[in-house]
Amino acid sequence: RAARDPIPYIGVEGTSDSDQAGVKSVFPGSPAEAAGIRPGDVIIRFHRSPVTDFQSLQSAVRRSDAGRTVTVEVLRGGTEVTLQLRVGDKNQRRR
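Calculation criteria
- Residues numbered from 1 in each chain as written.
- Predicted model: local features only at pLDDT ≥ 70, side-chain atom pairs only at ≥ 80, totals over all residues.
- Heavy atoms only, no water.
- Helix = DSSP H or I, 4+ residues; strand = E, 2+ residues; numbered from the N terminus.
- Buried < 20%, exposed > 50% of the residue type's maximum accessible area, 1.4 Å probe, protein only.
- Lys, Arg positive; Asp, Glu negative; His and termini not counted.
- Salt bridge = Lys/Arg side-chain N within 4 Å of Asp/Glu carboxyl O.
- Contact = heavy atoms within 4.5 Å.
- Core = buried A, V, L, I, M, F, W, Y, C linked by side-chain atoms within 4.5 Å.
- Arc of directions from axis to C-beta.

A.B. asks: Where do I start with the side chain of D89 in this structure?
C.D. replies: Mapped onto the elements, D89 comes out in strand β8 (residues 88-89). An unpaired buried charge is present at D89: no salt bridge exists, and R4, the closest side chain of opposite charge, is 8.0 Å distant. With near-sequence residues (within four places) excluded, D89 lies in contact with P6, I7, Y9 and A66.

A.B. asks: How do you make sense of the nonpolar core when you look at a structure like this?
C.D. replies: Most often, soluble globular proteins keep nonpolar side chains buried together rather than apart. V12, I37, I43, F46, L57, V72 and L85 are the most contacted members of the largest nonpolar core, which totals 21 residues. Elements with a contribution of two residues or more to this core: β3 (21-26), α1 (31-35), β4 (42-46), α2 (54-63), β6 (69-76) and β7 (79-86). Here this core gets 4 residues from one element, more than from any other, and that element is α2. Not counting residues up to four positions away in its chain, the partners in contact with V12 are V23, S25, V26, F27, A32, I37, F54 and L57.

A.B. asks: So what exactly am I meant to see when it comes to α2 here?
C.D. replies: An α-helix turns once every 3.6 residues. As a result, residues three or four positions apart point the same way. Taken together, the buried positions of α2 are F54, S56, L57, A60 and V61. Along the axis of α2, the buried residues cluster in a sector spanning 160°; they form a single face. Looking at α2, the residues exposed on the side facing more than 90 degrees away from the buried face are Q55, R62 and R63. Of the surrounding secondary structure, the elements contacted by the buried residues of α2 are β1 (8-9), β2 (12-14), β3, β4 and β5 (49-50).

A.B. asks: Any chance you could explain the environment of G40 here in plain terms?
C.D. replies: With respect to the element layout, G40 can be found in the loop between α1 and β4. A residue is classified by how much of its surface remains accessible, and G40, at 55% relative accessible area, is exposed. Here the alpha-carbon distance between G40 and G77, two residues 37 residues apart in the chain, equals 8.4 Å. For G40, the contacting residues outside a window of four places in its chain are V23 and L75.

Structure, rendered in structure tokens:
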């Protein structure tokens, strides 16, 4: 079988009815879980790109490289928290 091109992913589900990138859930074993992202966090910056809603987060993730470590800034309970996240490859995740 031929190797597939990497598909960058972080493993979060967002809140759908929001004008921000709120995290509804974090998938077990995902890069987001390993980085410490929690349900209820609001992602405000992903690798130097401002994040205004979940769609802008998805775009920033797609522009990143699987395997690269990036800085992610979240709002957690009104406090900004900076995390390091290694972008995963959706083709390599465990099923």
